[in-house]
Amino acid sequence: MAGRLLLRGCSAAMQLRGTAVVRPVLRTMASSGGIPTDEEQATGLERATLQALKQGKDPYSILKPKHYTGTREDPHIVPSIGNKRLVGCLCEEDNTAIVWFWLHEGEAQRCPSCGSHYKLIHHDLPH
Amino acid sequence: MAHQAHAYHMVDPSPWPLTGAVAALLLTSGTAIWMHFNSMSLMSLGMILLLLTIYQWWRDIIREGTFQGHHTPPVQKGLRYGMILFITSEVFFFLGFFWAFYHSSLAPTPELGGCWPPTGITTLDPFEVPLLNTAVLLASGVTVTWAHHSIMEGQRKQAIQSLTLTILLGFYFTFLQGMEYYEAPFTIADGVYGSTFFVATGFHGLHVIIGSSFLAVCLLRQVQFHFTSKHHFGFEAAAWYWHFVDVVWLFLYISIYWWGS
């Protein structure tokens with residue numbers, strides 16, 4: 001197995017030396033220098049997260065949630081892949097007691113302690 | 001297939017942590033058996049199991065990251081933290097040997113003649129091969145940085161050339177240090193000077209070999225197009241480790257070879 005790897009590596013290196021004279025007509029996919037980019041080569045979940053972030057979306061909650069004021073006009077938007085999601089409200093900064101409640105889809109709900117508005121928004125995961 | 005809604009990697013069950021632990025047990029007990037009962041069987045078995053574990057575990061990680069795309073940005077961040085913590089632990093490892101060296105050399109006992117270097121020890125000239133070794137490692141630090149920039153700029157040929165040069169410089173250091181060990185006028189058994197010298201420089205040499213191997217794996221992966229211009233953490237980890245090895249040598253050179261001579 002390791003031998004095969006070494007052999008493939010050696011043959012790739014040999015080809016490299018060989019095609020150095022011939023202009024790289026074969027390398028149409030790779031960027032001009034010969035090292036692939038994430039755009040060309042990223043796959044799986046990594047690709048999904050990178051593509052989504054490029055479009056300004058964050059379906060996998062990588063970034064900090066956006067800040068909302070929590071009023072009726074500007075409720076906290078809670079993305080969810082189902083029709084309900086657990087929400088933990090820190091009513092005030094530095095509170096140590098978190099107020100947990102289920103947020104259901106439909107009309108915005110209010111935190112039972114501080115009254116901030118939360119709205120569930122359905123979103124699909126990129127496959 | 002049920003999709004996760006988070007960007008982290010829930011790793012599949014793997015046998016390699018267990019085989020690694022068993023290998024560690026066999027290596028340690030095997031070394032003790034070797035030292036007292038003249039049998040290398042247990043130690044050899046442990047070594048084979050360790051090498052098999054290393055190969056297969058890291059092969060699996062490459063499969064998960066490069067071929068399956070599990071190494072999302074948050075996962076990569078975790079790997080970075082991991083490598084930094086590991087290198088930090090290695091710093092503390094070497095700190096212990098420097099402590100031992102300074103403990104013995106700052107207040108040399110009457111048994112040594114009350115002086116450092118101890119009576120009867122012919123030290124190595126710091127301005128001969130050790131200075132060349134310093135230049136070799138510093139140069140390798142430059143070439144590994146060149147390799148990193150080549151990868152980031154998408155220059156495949158340059159990346160391969162500079163990475164190869166880095167590894168060759170590493171081999172050159174190991175070769176030179178091996179010659180020094182062979183030709184040295186003192187041994188590990190020559191009192192506390194010999195002990196501190198060979199244990200500190202010996203562990204450093206082992207880390208040079210480990211670092212060179214890490215870089216060699218990166219070279220193999222680079223040739224096979226594993227790295228992209230933005231995502232090449234395996235290489236970055238190898239480069240961090242290599243810089244750490246270089247810095248340890250600088251401290252060794254200043255403390256043991258130069259001040260201690």
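Everything in this summary refers to the structure shown in the same document. Each residue is numbered by its place in its chain's sequence as written, counting from 1. Here chains are named by letter from A upward and ligands by number from 1 upward, in the order in which they appear as written. Local features are withheld for residues below a pLDDT of 70 in this predicted model, meaning they are given only at 70 or higher, and side-chain atom pairs are given and counted only at 80 or more; totals for whole chains, interfaces and linings count all residues. The basis for every side-chain value is the complete set of heavy atoms in the structure, and neither hydrogens nor water enter the calculation.

Regarding the sheet that holds strand 5 (residues 117-122) of chain A
Residues and elements named next belong to chain A. The pairing criterion for strands is at least two bridges between them, as found by DSSP. Put simply, DSSP marks the helices as runs of H or I at least four residues long and the strands as runs of E at least two long, and each gets a number from the N terminus on. Strand order in the open sheet made by the three strands is 1-5-4, with mixed pairing throughout. Pairing within the sheet leaves two strands with one partner each, and these edge strands are strand 1 (76-80) and strand 4 (109-110). Where strand 1 lies against strand 5, five bridges are found, and the strand directions are parallel. Along strand 5, the bridge assignment pairs Val 78 with Leu 120.

A word on the side chain of Asp 246 of chain B
Residue and element names in this part refer to chain B. By secondary structure assignment, the location of Asp 246 is in helix 7 (residues 233-259). Residue exposure (1.4 Å probe, protein chains only): buried if accessible area is under 20% of the type maximum, exposed if over 50%, otherwise partly exposed. When charges are counted, neither His nor the chain ends are considered; positive counts come from Lys and Arg and negative counts from Asp and Glu. Just to be clear on terms, a salt bridge is a Lys or Arg side-chain nitrogen sitting within 4 Å of an Asp or Glu carboxyl oxygen. At 19 Å, Arg 80 is the nearest oppositely charged side chain to Asp 246, a buried residue that forms no salt bridge. Any two residues having at least one pair of non-hydrogen atoms within 4.5 Å are treated as being in contact. Setting aside residues up to four positions removed in sequence, Asp 246 forms contacts with Leu 137 and Leu 138.

Some remarks on the pattern of salt bridges
Residue and element names in this part refer to chain B. In total, this model carries five salt bridges over all chains according to the counting rule given. For Arg 63, the salt bridge goes to Asp 60, with nearest N and O atoms at 3.8 Å. Note that Arg 63 and Asp 60 are positioned in helix 2 (residues 41-67) at a spacing of three residues, about one turn of the helix. Residue classification places Arg 63 among the partly exposed positions, given a relative accessible area of 37%. A salt bridge links Arg 80 to Glu 236, with the shortest nitrogen-to-oxygen separation between them at 3.1 Å. Of the two residues, Arg 80 sits in helix 3 (residues 73-106) while Glu 236 sits in helix 7, which places them 156 residues apart along the sequence. The class of Arg 80 is partly exposed, set by a relative accessible area of 24%. According to the relative accessible area criterion, Glu 236 is buried, its value standing at 12%.

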